[in-house]
Number of protein chains: 6
Amino acid sequence: MATVPLKSDEAAGAEARAVFDDIRAKRNTDYVNNFWRALANDPALLKATWERLQQVMAPGALDPLVKEMIYIAVSTTNGCSYCVHSHTAAAKAKGLTEAQHGELMAVIAMASQTNALATALQVETDERFRVA
Amino acid sequence: MATVPLKSDEAAGAEARAVFDDIRAKRNTDYVNNFWRALANDPALLKATWERLQQVMAPGALDPLVKEMIYIAVSTTNGCSYCVHSHTAAAKAKGLTEAQHGELMAVIAMASQTNALATALQVETDERFRVA
Amino acid sequence: MATVPLKSDEAAGAEARAVFDDIRAKRNTDYVNNFWRALANDPALLKATWERLQQVMAPGALDPLVKEMIYIAVSTTNGCSYCVHSHTAAAKAKGLTEAQHGELMAVIAMASQTNALATALQVETDERFRVA
Amino acid sequence: MATVPLKSDEAAGAEARAVFDDIRAKRNTDYVNNFWRALANDPALLKATWERLQQVMAPGALDPLVKEMIYIAVSTTNGCSYCVHSHTAAAKAKGLTEAQHGELMAVIAMASQTNALATALQVETDERFRVA
Amino acid sequence: MATVPLKSDEAAGAEARAVFDDIRAKRNTDYVNNFWRALANDPALLKATWERLQQVMAPGALDPLVKEMIYIAVSTTNGCSYCVHSHTAAAKAKGLTEAQHGELMAVIAMASQTNALATALQVETDERFRVA
Amino acid sequence: MATVPLKSDEAAGAEARAVFDDIRAKRNTDYVNNFWRALANDPALLKATWERLQQVMAPGALDPLVKEMIYIAVSTTNGCSYCVHSHTAAAKAKGLTEAQHGELMAVIAMASQTNALATALQVETDERFRVA
């Protein structure tokens, strides 16, 4: 149903297939999900996206589960169904508990609500919230 | 510049002023920020919003700093300038480091990018990402 | 601060000035607001937009104040600061009361919140909500 | 297809089931729609959302059908498929006519269009639209 | 699955059928796509939308393929699945190559990413980007 | 007014200053705009963003002016004021004419309008728009 064909390993060229192999190796799985197979229609875009994703989502000052929750928050607000599904699955794989998921939902809902109120009322930013 | 007047303590009625007092007490500050002063035009909405916010942002399965980062992610994606400013200030007050802020930015940017790609390509959700 | 100059009556060509005159006549005012002066950089777009707006916002099956509230709801969700300001002013000119404004805010906030929840949980539409 | 299981009455705990019962009683129906069954994974969130929804959507300064139309406007702009479906059904149940639905569509379309223009041209808000 | 019935030629009234006939004639096809059949529930809205679309998408200072790409960019950012599908099909019919599609995806992704960063950091517009 | 300080050349570390120098050299200007000075708070993010931007916006299957128009379309829909300003300036520098700007506005407005209609009516995608 995508706007481009999902590339199987056979249909993908060498550059895309190398990325597929790297995904399988790094994730320790046989499975390459549809997002990457769709991106494979442009191997350079596939490669750039996969490489940047690894850098950004690696453990650092924030732990990977926190990063997945932030990803879900953005994806929800953007209304990206695919992304909500895939990153919720990723978060669960990284240990997201039911209680954490519930609180994540509550914060996303609260922010959506106060965002709308601040915008509808056009509240001006307090001087103290600005960086000098 | 708001679409409603910001209510000073004097201009606010008793119900709104009681919320202002509770904000000052709970936050241990003299300052009531513009968002609440704008909401005070409808004291029932002010009260409901303030009470729900406290419940949602309290420590629980997620720590308060993580909640603030999720709030920033939603507010950014919704393009709420006021909310980005106020919750970035709140996150810093709760200990957000420069390194954490940088990684938060990187995750928000990455998610925004792959959200757009998944939507533009209309990638169908993989069966394994669906809950039975 | 716009990305195009705001056209004064003098700077506008005959086609744009005719629209300005029509706005003043229909609204019974001397004032032409910035939106139209910005659009006047493309007189055909100005004319098409002004004509369509009059058709859409005229009294019909819905009364004009209800239409303004719907306009505010869309403008808030799109984060259009200009539009929130101008249509809140228009709604007040058409009789929007403080109590109505407060309830409008509450509905917008509620919808924003449940929209986020339905999207974050990827709730499937119930069969009974679909049109046969 | 949700990211969480939809809780049947049997699978739901006592707190969630009490909300289901209240929904059935208040709406005078046997049916509990998927949104609530998804929220039931976090009974506290389910309860808070249901209670607030009743307060907000009750008749007041705005009539319930107007509130449903505002809800549809927000849900459309947020791109929430579930919410558009459920609130269009709710509006029809509250008497939305074909002519009203058509005008609602026209206003939503018009606002979306002028929102985009005002943002693309970065039109500055007129002084007279600001509250003193 | 729409919120309104899709009008067949038989179910449509004379005004809507005239638009259907015009679509078939102008596009040199027997096929009228679902969007128009849904809009046909409000013949005046159908007619206004179809007429404006023809004006806007006609060759002019921008060529029709460029216009389709801009349409895809907006539709993606709004998360409109129907529109992404229909305008990607339209762009391909107008000659969009795989390489162009890939670059379109890359620009949309890049813009989404820097939009998020500029908003999250609340970067103030440089004086030199403002029109005098 | 940003949520982070804008780094001057003096305040920036060696890695950020090297990016500033590269921006000046590649753009043949003395000026480094605020976006990059804000990003400089995280030199790695600054570098990755600048490098990717150059790759994506370089001439290829699409010419740079078309890419700038796509960028404006996305930025408008996301409501990013900074980005609309900076990329409209960039498009003008690359030769955008008034007539082209007007048509760009008209297409963005048209797409915003039909996006809203397709979503509000929940129109199902025609089989023929799907890729096999």
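Each chain has its residues counted from 1, running along the sequence as written. Labels follow written order: the first chain is A, the first ligand is 1, and so on. Since the coordinates come from a predicted model, pLDDT governs what is reported: local features require at least 70, and pairs of side-chain atoms require 80 or more to be given and counted, while whole-chain, interface and lining totals use all residues.

A. Quick look at the overall build of chain A. When helices and strands are counted, chain A shows six helices and zero strands. For 132 residues, the compact-globule formula gives about 14 Å, and the C-alpha radius of gyration of chain A, at 19 Å, lies well above that figure. Viewed in the frame of its principal axes, chain A has a C-alpha envelope of about 55 × 35 × 30 Å. Think of it as a crowd count around each C-beta: if 20 or more other C-beta atoms lie within 10 Å the residue is buried, if 12 or fewer it is exposed, and in between it is partly exposed, with C-beta placed from the backbone throughout. Counting over 132 residues, chain A shows a buried share of 56%. Working definition of a contact: two residues with C-beta atoms, positioned from the backbone, lying within 7 Å. Sequence separation of at least 24 residues holds for 51% of the intrachain contacts in chain A that already meet a minimum separation of 6. Helix and strand labels come from DSSP, where a helix needs a run of H or I of at least four residues and a strand needs a run of E of at least two; each type is numbered from the N terminus. Radius of gyration: C-alpha atoms only; globule rule: 2.2 Å multiplied by the number of residues to the exponent 0.38.

B. Structural view of the relation of the copies chain B and chain A. Mapping chain B onto chain A leaves a residual RMSD of 0.0 Å; the transformation is a rotation of 180° accompanied by 0.0 Å of translation along its axis. Interpreted geometrically, this transformation is the action of a two-fold axis. A symmetric contact is evident, with 100% of the interface residues of chain B recurring at the interface of chain A. We place the copies in one frame by least squares, fitting the C-alpha atoms of every residue whose pLDDT is at least 70 in both.

C. Highlighting helix α4 (residues 64-77) of chain B. All names here are of chain B. Multiplying one less than the number of residues by 1.5 Å gives the expected span of a helix. For α4, with 14 residues, the first-to-last C-alpha span of 20 Å sits near the 20 Å given by 1.5 Å per residue. Counting buried residues along α4, 13 of its 14 residues qualify, which places the element largely inside the surrounding structure. Downstream of α4 by one or two residues, Gly79 has phi in the positive range, about 70°.

D. Up close: the domain arrangement of chain A. Residues and elements named next belong to chain A. Note: domain ranges come from an automatic or database domain assignment. Domains assigned within chain A are domain 1 (1-58) and domain 2 (60-132). Inter-centroid distance (C-alpha atoms) of domain 1 to domain 2 is 26 Å. Each partner contributes residues to the interface: domain 1 has four residues there, and domain 2 has five residues. Three classes are used: nonpolar for Ala, Val, Leu, Ile, Met, Phe, Trp, Tyr, Cys and Pro, charged for Asp, Glu, Lys and Arg, and polar for all others, with Gly counted as polar. Residues of the side of domain 1 that touches domain 2, tallied by class, amount to three nonpolar, one polar and no charged.

E. Representation of the interface of chain B and chain A in the model. With 57 residues of chain B at the interface, the matching set in chain A holds 57 residues. Sorting the residues of the side of chain B that touches chain A by element identifies α2 (34-39), α3 (43-57), α4, α5 (81-93) and α6 (98-120) of chain B as the ones contributing at least two each. Broken down by class, the residue content of the side of chain B that touches chain A amounts to 32 nonpolar, 19 polar and six charged.

F. Up close: the relation of the copies chain D and chain E. Structural alignment of chain D on chain E gives an RMSD of 0.0 Å, achieved by rotating through 120° and translating 0.0 Å along the axis. What the superposition gives is, in effect, a three-fold axis relating one chain to the other. In terms of proximity to the rotation axis, the leading residue of chain D is Gly79 of chain D, whose C-alpha is 3.8 Å off the axis.

G. Looking closely at the interface of chain D and chain E. Between chain D and chain E, the contact holds eight residues from the first and seven residues from the second. In terms of residue count, helix α6 (residues 98-120) of chain D provides more of the side of chain D that touches chain E than any other element does, four residues in total. Looking at side-chain class alone, the side of chain D that touches chain E contains three nonpolar, four polar and one charged residues.

H. Representation of α3 of chain B within the structure. Relative to the 21 Å expected for 15 residues at 1.5 Å per residue, α3 of chain B spans 21 Å between its end C-alpha atoms, a close match to the ideal helical length. Leu46, Thr49, Val56 and Met57 of chain B are the residues of α3 of chain B that are buried. Projected down its long axis, α3 of chain B carries its buried residues within an arc of 110°, all on one side. Contact partners of the buried residues in α3 of chain B: α6 (98-120) of chain A together with α1 (14-27), α2 and α4 of chain B. It is the directions from the helix axis to the C-beta atoms whose arc is reported.

I. Here's a closer look at the packing of helix α1 (residues 14-27) of chain F against helix α3 (residues 43-57) of chain F. Residue and element names in this part refer to chain F. The interhelical angle for the contact between α1 and α3, taken along N-to-C directions, is 25°, at an axis separation of 9 Å. Considering the angle they form, α1 stands roughly parallel to α3. The crossing of α1 and α3 is left-handed. For the pair formed by α1 and α3, the contact residues are Glu15, Ala16, Val19 and Ile23 on the first element and Pro43, Leu46, Lys47 and Trp50 on the second. Grouping the amino acids of the contact of α1 with α3 by side-chain chemistry returns six nonpolar, no polar and two charged. Under this scheme, a helix contributes an axis fitted over its contacting stretch, all axes are lines through C-alpha atoms, and angles between N-to-C directions fall in the 0 to 180 degree range. Each angle is binned into one of four classes, with values under 35 degrees roughly parallel, values over 145 roughly antiparallel, values of 65 to 115 roughly perpendicular, and all other values oblique. Whether a crossing is left-handed or right-handed is set by the direction in which the near helix is turned from the far one by less than a right angle, anticlockwise for left-handed and clockwise for right-handed.

J. Here's a closer look at the nonpolar core. Core analysis: the largest hydrophobic core is formed by 258 residues, its most contacted members being Ile70 of chain A, Ile70 of chain B, Ile70 of chain C, Ile70 of chain D, Ile70 of chain E together with Ile70 of chain F. What Ile70 of chain F contacts, discounting residues up to four positions off in sequence, is Met69, Ile70, Ala73, Leu104, Val107 and Ile108 of chain E. As used here, a nonpolar core is made of buried Ala, Val, Leu, Ile, Met, Phe, Trp, Tyr and Cys residues. They are joined through C-beta atoms within 7 Å.

K. Representation of the environment of Ala16 of chain C in the model. All names here are of chain C. Relative to the elements of secondary structure, Ala16 occurs in helix α1 (residues 14-27). On the neighbour-count criterion, Ala16 (22 C-beta atoms within 10 Å) is buried. For the pair Ala16 and Arg130, spaced 114 residues apart in sequence, the C-alpha separation works out to 45 Å. Look past the residues within four positions of Ala16 in its chain and what remains in contact with it is Lys7, Ala40, Pro43 and Leu46.

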